[in-house]
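# A structural walkthrough
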Amino acid sequence: MSSLNTYLTTRVTAKQRQQFVEKAERFGKPSEVLRDIIVAFIENRIVIHPPTKVKEVLYVIRSQD
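Residues numbered from 1 in each chain as written. Predicted model: local features only at pLDDT ≥ 70, side-chain atom pairs only at ≥ 80, totals over all residues. Heavy atoms only, no water.

### Let's talk about the overall build of the protein chain
Assigned secondary structure in the protein chain consists of two helices and zero strands. Across the 65 residues in the protein chain, those meeting the buried criterion constitute 6%. Accessible surface, the protein chain: about 6,900 Å² in total, of which carbon and sulfur atoms supply 56%. (Helix = DSSP H or I, 4+ residues; strand = E, 2+ residues; numbered from the N terminus. Buried < 20%, exposed > 50% of the residue type's maximum accessible area, 1.4 Å probe, protein only. Areas by Shrake-Rupley, 256 points an atom, 1.4 Å probe, with all protein chains shown as cover.)

What follows is the structure, given as structure tokens:
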């Protein structure tokens, strides 16, 4: 693995953080799970479907890479 020398951060609610940590700990450290999610997304092994109730215009339909 190459050197981990940069950060990627996001803001979430305290409840979302706690729910993620509890679920992620079943698979390893939460930071390891986040890394796995990021790599899987980059490699097109994970797909994020737009929510049914959209609060903001964050999702843009795009063609597959």
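### Digging into the packing of helix H1 (residues 14–24) against helix H2 (residues 30–42)
Close contact between H1 and H2 brings their axes to 9 Å; oriented N to C, the two are set at 90°. By the angle between their directions, the pair H1 and H2 is classed as roughly perpendicular. Along the contact surface, H1 presents Phe 20, Val 21 and Ala 24, while H2 presents Pro 30, Val 33, Leu 34 and Ile 37. Considering only residue class, the contact of H1 with H2 consists of seven nonpolar, no polar and no charged. (Axes fitted to C-alpha atoms, helices over the stretch in contact; angles between N-to-C directions. Parallel < 35°, antiparallel > 145°, perpendicular 65-115°, else oblique. Contact = heavy atoms within 4.5 Å. Nonpolar A, V, L, I, M, F, W, Y, C, P; charged D, E, K, R; others polar.)

Take it as geometry only, folks, not as evidence of what the structure does.
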